[in-house]
Amino acid sequence: MYMPPHSKLRLDPRDEYNHVPEAVSNYNESAYFNAFDSARGIGAWMRLGNRPHEGHAELSCCVYLPDGRVGFMHQRPKIEHNEALDAGGMRFEVVEPFRHLRVHYEGELLLMDDPHAMADPSSAFKRYPKRPASIALDFRGVSPMHGGEIVALDGSPIVLDPEHAVYRGHIEQNMAVTGHIAVDGLRFDIAGHGYRDKSWGPRHWHSFYWYKWLPVTFGDDFGALLSIKGRKGQPNHVSGNVLRDGRYEPVVDGRIETDYDAQHYPRAFTAQVRTAERSYTLTGKVGALVPLRHRRVAGGAGDYTRITEGITEYRCEGRSALGMSEYCDLMVDGVPISVREESAR
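Reading guide: rules and limits
- Residues numbered from 1 in each chain as written.
- Predicted model: local features only at pLDDT ≥ 70, side-chain atom pairs only at ≥ 80, totals over all residues.
- Heavy atoms only, no water.
- Disulfide = S-S within 2.5 Å.
- Helix = DSSP H or I, 4+ residues; strand = E, 2+ residues; numbered from the N terminus.
- Buried < 20%, exposed > 50% of the residue type's maximum accessible area, 1.4 Å probe, protein only.
- Polar contact = N/O pair within 3.5 Å; in protein donor to acceptor, adjacent residues only side chain to side chain.
- Contact = heavy atoms within 4.5 Å.
- Core = buried A, V, L, I, M, F, W, Y, C linked by side-chain atoms within 4.5 Å.
- Pairing = 2+ DSSP bridges.
- Phe/Tyr/Trp six-rings, centres within 6.5 Å; stacked < 30°, edge-to-face > 60°.
- Lys NZ or Arg CZ within 6 Å of the ring centre and 35° of its normal.

Q: Would you mind going over the state of the cysteines in detail, with residue names and values included?
A: Counted according to the given criterion, the structure contains zero disulfides. Unpaired in this structure, Cys61 has its nearest cysteine sulfur neighbour in Cys62, at a distance of 7.5 Å. Sulfur of Cys328: no disulfide; nearest cysteine sulfur belongs to Cys62 and is 16 Å away.

Q: Any details on the side chain of Thr275? Residues and values, ideally.
A: Within the secondary structure, Thr275 sits in strand β17 (residues 266-275). Look at Thr275 and you get buried, because its relative accessible area is 3%. In this structure the side chain of Thr275 is engaged in a polar contact, spanning 2.9 Å, whose partner is the side chain of Glu249. Residue contacts for Thr275: discarding those within four places in its chain leaves Val242, Glu249, Pro250, Val251, Val252 and Tyr280.

Q: Kindly report on unusual backbone geometry, identifying the contributing residues and their values.
A: At Asp184, a position not held by glycine, the phi torsion is positive, near 55°. Checked against the element boundaries, Asp184 lands in the loop between β11 (169-183) and β12 (186-202). Assessed through its relative accessible area of 35%, Asp184 is described here as partly exposed. One non-glycine residue, Asp333, lies in positive phi territory at about 55°.

Q: Can you tell me about the nonpolar core, naming the residues and giving the values?
A: Counting 33 residues, the largest nonpolar core has Met46, Val63, Phe92, Tyr105, Leu137, Phe139 and Ile181 as its most contacted members. Of all the secondary-structure elements, those providing two or more residues to this core are β2 (27-37), β3 (42-51), β4 (56-64), β7 (90-96), β8 (100-112), β9 (130-141), β11 and β12. When residues of this core are assigned to their parent elements, the largest contribution, five residues, is made by β8. Filtering out sequence-adjacent residues up to four positions away, Phe139 remains in contact with Phe33, Asn34, Ala35, Met46, Arg99, His100, Leu101, Val103, Met175, Ala176 and Val177. In terms of nonpolar packing, the next biggest core, distinct from the first, is built from 32 residues, Ala124, Ile158, Leu322 and Cys328 among them.

Q: Which residues make up the pairing of β8, and what values go with them?
A: As defined by bridge partners, strand β5 (residues 70-75) adjoins β8 across three bridges and the pair is classed as antiparallel. Paired with Val70 across the two strands is Met112, which belongs to β8. Summarising the sheet, β7 and β8 pair through six bridges and their orientation is antiparallel. Following the sheet pairing, Val94 is matched in β8 by Leu101. Between β7 and β8, which pair antiparallel one after the other, the connecting turn spans three residues, and Phe98 there sits at a positive phi close to 70°. Direction of pairing for β8 relative to β9: antiparallel, over a ladder of eleven bridges. Bridged to Leu101 within β9 is Phe139.

Q: Any details on the packing of aromatic side chains? Residues and values, ideally.
A: A complete count under the given rule lists eleven aromatic pairs for this structure. With centroids separated by 6.2 Å and ring planes inclined at 35°, the aromatic side chains of Phe222 and Tyr280 adopt a geometry described as tilted. Residue Phe222 is located in strand β14 (residues 222-231), and its partner Tyr280 is located in strand β18 (residues 279-295); the two are separated by 58 residues in the primary sequence. For the pair formed by Phe222 and Tyr280, the shared burial category is buried. The rings of Tyr32, Trp45, Phe72, Tyr195 and Trp213 are connected pair by pair, giving a single aromatic cluster. Taking the ring centre of Trp210 as reference, the NZ or CZ of Lys212 above it sits at 5.6 Å.

Q: Could you give me a rundown of helix α2 (residues 337-344), with the residues and numbers involved?
A: Three or more residues of α2 are buried, namely Ile337, Ser338 and Val339. Along its buried surface, α2 packs onto β13 (210-219), β16 (247-260), β20 (319-332) and β21 (335-336).

Q: So what's going on with the side chain of Asn174? Which residues, and what values?
A: Assignment of secondary structure puts Asn174 in strand β11. Classification of Asn174 by relative accessible area gives buried; the value is 2%. For Asn174, the side chain forms a polar contact with the side chain of Thr217, separated by 2.9 Å. If we skip the residues at most four places from it in the chain, Asn174 touches Arg140, Gly141, Val142, Ser143, Gly194, Tyr195, Val216, Thr217, Gly223, Ala224, Leu243 and Tyr248.

Below is the structure:
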């Protein structure tokens, strides 16, 4: 999390619940959960973001099946308030703040044998069938909560530029997961691990320049998050934590070397992660990958942000687990801005 000068984090269990929206048109309150059962080879992620002043939510649901197919849905169900994250058949429930949450989805997923088809969503939704899906997952924290609301040193709210902000507050946590995922008549009982976050405040998706987000939970006792954000004309911002035996080791430095395919989709990476106590090498092999895009309301024809969401086989210190790798880039002439910057070095 990037901290502006003269600020601090305030971590409050009440932030698990929805806030009174700020008087900015692009106010966003969203939560994200991912879940993986490495033994069964299945994974999923779900996100629901309320945009109450725009009158809709952003719903995304993605399931990575063991046979390589991907079920995906994105829609913008109408909402009239910001009292809960509950829209379009998806519902997030807080059972106990910072400890226990539940996720439900009853709806349809586009079932694809080529998830790269989502690079052209209009074509993909015409090409592939929609199939019924049911998800019910129980998430329990295996780590402390990390993050909070960015406030001034005296605890007062900070002033944000809504045109460039991406959040006012952000919290995240390593999780254990149980429950089930059912798609098109196939049901999988889940007993694994995952990761979750929540954020609130003004957000435009194109406010991101680029970032690489690598969250993985190997077990109740070990997990990692490395986040590297690019900032135009400034040094990259590196953050994250390594979960080890119930406590976090904050990341003090990190770098990622990525192998891309011809479409600049990540295929594999090696991340060097350093905490004050030790160094780690985290490797990832990316499997099924879904490319998503967010276009600006105004801008050129090629002006958009791309986010790739890939199920990833992680390895670190002799352990392996499935997790997510998420790369977000402003695209310039079809090339991710992070790739352009790396090539220019």
